[in-house]
Amino acid sequence: MKVLKFGGTSVGSVKSILSLKSIVEKEAKHGPVVVVVSALGGITDKLLNISQLALQGNEDWKDEFAAVVERHHQMIDTIITDTKDREDLFNIVDALFEQLRSIYFGVFLVHDLSQKTQNAIVSYGERLSSYIVSKLIRGSKRMNARDFIRTERKNGKHTLDSELTYKMVREAFLSNPEDDHSLHTRISIVPGFISRDKHTRETTNLGRGGSDYTAAIIAAALNADVLEIWTDVDGFMTADPRVIKTAYTISELSYVEAMELCNFGAKVIYPPTIYPVCIKNIPIKVKNTFNPDGAGTTIKDTIENDQKPIKGISSINGTTLITVTGLSMVGVIGVNRRIFTTLAVNGISVFMVSQASSENSTSIGVRDEDAAEAANVLNEEFAKEIETGAMYPMHVESGLATIAIVGENMKHTPGIAGKLFGTLGRSGISVIACAQGASETNISFVVNGKFLRKSLNVIHDSFFLSDYKVLNLFICGVGTVGSKLIEQIRSQYEELKEHSRLKLNVVGIATSKKAIFTRDGIDLDNYKKLLEQSEPSTPEKLRDNVIGMNIFNSVFVDCTASKEISTLYHDFLEHNINVITANKIAASSAYDNYLLLKQTALKRGVKFRFETNVGAGLPIIGTINDLRNSGDIILKIEAVLSGTLNFIFNEISADVPFSETVRRAKEQGYSEPDPRIDLSGKDVIRKLVILTREAGYKIEQEDVEKHLFVPDEYFQGTIDEFWKRLPQLDADFEARRKVLEQEGKRWRFVATMEGGKAYVALQAVENGHPFYNLQGSNNIVMLTTERYKEFPMLIQGYGAGASVTAAGVFANIMSIANI
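What you see is a predicted model, and the numbers here were worked out from it, not measured in a lab. (Residues numbered from 1 in each chain as written. Predicted model: local features only at pLDDT ≥ 70, side-chain atom pairs only at ≥ 80, totals over all residues. Heavy atoms only, no water.)

Glancing now at the sheet that holds strand β8 (residues 203-205). Within the open sheet, the 4 strands sit side by side as β5-β4-β7-β8. Their pairing is mixed. Two strands in the sheet have a free side with no partner beyond their single neighbour: β5 (157-160) and β8. Each neighbouring strand pair of the sheet contributes to a mean axis angle of 55 degrees, computed without reference to strand direction. Pairing geometry for strand β7 (residues 194-197) and β8, over 3 bridges, is antiparallel. (Pairing = 2+ DSSP bridges. Helix = DSSP H or I, 4+ residues; strand = E, 2+ residues; numbered from the N terminus. Axes fitted to C-alpha atoms, helices over the stretch in contact; angles between N-to-C directions.)

Pasting the structure below:
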């Protein structure tokens with residue numbers, strides 16, 4: 001025997017109620033079913049609203065009431081096709097509506113609404129829907145829940161009398177109360193939610209969401225095989241899918257896990273529902289009326305082959321934390337009793353408690369709407385202690401959110417709490433208060449409300465509740481390097497998802513004048529058009545948008561050469577946003593700024609990476625870091641670091657003069673947009689400064705000695721003037737080149753650091769030197785260290801070009817993903 005409960009959304013529309021009919025009739029073929037129904041979707045709220053209008057003497061109650069009547073009439077007209085059945089049902093429904101109209105009219109006349117009257121009013125929703133469903137499903141029998149669900153008044157609330165109710169349920173449904181299999185009817189239809197006081201006989205109810213409870217009570221009383229809760233979702237989700245797009249349905253939960261998730265905001269089933277079936281070990285299945293073939297979620301006592309330590313994440317927004325504190329609390333028995341008794345007497349629910357081990361403070365979590373009253377009653381309770389200074393007035397902090405991670409396997413998995421708080425810390429999220437019971441099935445903590453979305457996403461991602469690990473990328477600059485990077489990300493997107501379980505989500509793309517942002521990810525096939533249509537942007541707006549998105553696992557990628565953009569790095573790092581940059585300005589700027597960025601990243605637990613600042617995609621900086629981290633000492637660096645200059649001095653010949661090689665470097669994309677940056681040695685100096693710093697030495701750009709090969713006057717004036725004057729150097733270079741050729745040597749512009757002293761110069765290297773056969777635009781670095789002294793380490797390869805630079809940036813992104 002099964003008990004099926006259908007919520008308001010399952011009887012709220014023609015489509016859903018016909019689906020209900022199909023589900024019930026299918027189940028009834030296999031055995032008896034009891035069907036518990038809620039009011040039509042939204043009707044209970046409307047009934048309450050109409051009662052308030054009537055109480056206020058507002059004539060609008062009549063129009064609102066007429067709309068409720070019309071909705072039920074339309075439903076009946078549409079789904080009940082037999083004329084006689086429809087007429088019979090209209091007679092029943094209209095009689096109920098006439099009773100309800102009279103009650104409302106009485107409230108309107110006397111301007112009084114007692115709890116007894118309110119309870120009577122809200123009962124009509126389920127009474128009406130159960131008559132409609134029973135008439136829709138042929139062969140079914142409607143049972144009146146008020147005949148067997150009994151409550152009694154305790155502490156001002158109606159509570160279930162379980163023993164009496166179970167006895168009366170069995171008498172109502174079974175031919176032989178001693179035989180679980182002796183049900184009177186194949187299909188029984190029961191209105192949920194409503195009940196009757198066992199003493200006064202007045203109509204009561206089981207509270208909002210009480211239809212679930214009704215179903216659980218009947219299932220427990222009749223020892224049902226299963227309780228099925230049919231709703232509008234596929235079951236319990238790993239997290240709120242409105243916040244976390246990758247949330248998915250949990251196939252199985254234990255009773256304890258389900259209860260914890262329900263208590264912390266997972267509104268799938270009414271929390272009291274679980275207890276009656278739990279003690280009878282009756283499984284609960286949560287299914288979707290609109291997707292009846294879906295597996296849903298099964299809730300039962302024991303989960304086999306359960307590997308995941310965390311099953312789901314739940315949250316309560318609108319949290320206020322009230323802290324009771326004072327030195328007089330230390331070692332004094334009864335303070336907590338006074339706190340919770342005072343709150344209970346005033347009907348204020350506490351969903352989280354956190355107490356310092358020193359006993360001088362206790363923090364309690366309440367909903368925002370209860371905060372003011374809670375603070376007032378506690379201040380009154382401890383008024384004498386506050387007056388004498390033994391305790392302080394209640395400290396109230398609102399605008400918070402409470403998050404709970406739930407899973408029975410946490411108790412078997414060491415380090416869950418450490419991983420949780422470490423994950424939050426690296427994302428820049430401070431935990432204000434936390435609590436964990438000895439059962440270790442729930443860790444609850446409070447954060448600033450503005451970090452709720454970010455917290456949920458980063459936890460969901462970090463604890464493998466997501467199918468993929470997600471990195472959210474902001475890409476600044478769509479020139480040669482930036483556009484190549486976007487192309488590489490787009491082409492590798494599916495490969496990374498399938499084989500690395502990694503999703504690279506580009507949530508922002510910016511140029512010097514435009515920017516687009518979307519939390520769900522930008523269409524990389526269409527980003528150029530989207531940029532053209534976007535609003536104007538500035539570096540300040542860019543910073544505000546990136547930080548303002550407050551998105552988890554975020555990475556800012558700078559593919560520009562902009563000084564203004566480089567000044568944003570510190571703000572990003574302070575807000576726990578990783579920074580990857582192909583822009584050399586920051587790492588080669590004033591040493592104090594370089595050090596600040598490195599230290600900020602370290603302090604915040606994020607990454608500041610700039611591998612492509614030197615050698616494009618070559619692993620030069622990473623290798624130096626690995627050597628130093630393993631205890632080696634960098635003694636000397638010798639390097640050809642300008643792919644542009646190497647290209648120029650490899651191209652120069654009797655047939656190709658110096659000026660033409662410079663032009664070719666520009667046209668083929670090897671040089672900076674203004675080649676004078678390369679010819680001045682400024683680019684090489686920046687790179688040498690970066691390598692020297694990474695090698696452990698303090699240095700500024702001004703400390704580097706320069707021995708240049710182009711006179712200073714060529715760096716003055718406009719770029720056009722430079723191109724006009726450049727051929728004047730051809731004759732001198734050709735004469736020197738001939739001498740070099742005769743000596744069997746080649747030019748290389750070499751950057752050298754030894755013992756912290758650095759210089760750059762055009763050098764003639766002979767055949768046999770590692771730099772002699774360096775081809776095209778390649779770079780080479782020779783590292784002499786304590787370990788690599790006799791035979792220095794060589795790193796060589798493409799050192800310029802948009803594709804290899806973009807690939808180096810991509811590699812840095814992947815290194816963050818693999819942390």
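Before going further, it helps to spend a moment on the nonpolar core. Looking at soluble globular proteins, one finds that nonpolar side chains tend to be buried together. Grouped together as the largest cluster of nonpolar side chains are 101 residues, with contacts concentrated most on Ile459, Phe556, Ile637, Phe658, Leu679 and Phe709. Sorting elements by how many residues they give to this core places helix α25 (residues 682-694) first, with 6 residues. Core analysis: the next-biggest nonpolar cluster, separate from the first, contains 59 residues, Val34, Tyr166, Val169 and Phe264 among them. (Core = buried A, V, L, I, M, F, W, Y, C linked by side-chain atoms within 4.5 Å. Buried < 20%, exposed > 50% of the residue type's maximum accessible area, 1.4 Å probe, protein only.)

Extensive coverage of strand β2 (residues 33-37) is indicated by the burial of 5 of its 5 residues. The alternating pattern of β2 places Val33, Val35 and Val37 and Val34 and Val36 on opposite faces, both of which are buried. Bridging between strand β1 (residues 2-6) and β2 involves 5 bridges; their strand directions are parallel. Residue pairing for β2: leucine 4 is matched across the bridge by valine 35. Note that the unit made of β1, helix α1 (residues 14-28) and β2 has a crossover that is right-handed. (Right-handed = clockwise from strand over helix to strand, strands pointing away.)

Here the focus is the sheet that holds strand β11 (residues 284-288). The mixed open sheet is built from 8 strands, whose spatial order is β3-β6-β2-β1-β9-β11-β12-β10. Looking at strand neighbours, the two that pair on one side only are β3 (140-142) and β10 (252-254), the edges of this open sheet. For this sheet, the mean angle separating the axes of adjacent strands, direction not counted, is 20 degrees. Where β2 lies against strand β6 (residues 187-191), 5 bridges are found, and the strand directions are parallel. Across the sheet, residue valine 37 finds its bridge partner in β6, namely proline 191.

Here we come to the packing of aromatic side chains. Overall, the coordinates contain 23 aromatic pairs when judged by the stated rule. A centroid spacing of 6.4 Å and a plane angle of 55 degrees characterise the contact between tryptophan 61 and phenylalanine 65, whose relative ring orientation is tilted. One end of the pair is tryptophan 61 and the other is phenylalanine 65, both in helix α3 (residues 60-79) and 4 residues apart, which spans about a single turn. Like tryptophan 61, the residue phenylalanine 65 is buried in the burial classification. Look at tryptophan 61 and tyrosine 104: their rings are 5.9 Å apart centre to centre, the planes differ by 45 degrees, and that puts the pair in the tilted class. Residue tryptophan 61 is found in helix α3, and its partner tyrosine 104 is found in helix α4 (residues 83-110); the two are separated by 43 residues along the sequence. We note that tryptophan 61, like tyrosine 104, is buried. One aromatic cluster is present, formed by Trp61, Phe65, Phe97, Tyr104, Phe105 and Phe108 through successive ring pairs. Between the NZ or CZ atom of arginine 693 and the centre of the ring of tyrosine 594, over which it lies, the distance is 5.1 Å. (Phe/Tyr/Trp six-rings, centres within 6.5 Å; stacked < 30°, edge-to-face > 60°. Lys NZ or Arg CZ within 6 Å of the ring centre and 35° of its normal.)

On to the pattern of salt bridges, then. A full pass over the atoms with the stated rule returns 41 salt bridges. Among the ionic pairs, arginine 208 bridges to aspartate 45, the shortest N-O distance being 3.1 Å. One end of the pair, arginine 208, is in the loop between β8 and α7 (210-221); the other, aspartate 45, is in helix α2 (residues 43-55), and 163 residues separate them in sequence. Overall, arginine 208 belongs to the partly exposed group, its relative accessible area being 48%. A single salt-bridge network, built from bridges that share partners, covers Glu152, Lys154, Asp161 and Lys198. (Salt bridge = Lys/Arg side-chain N within 4 Å of Asp/Glu carboxyl O.)

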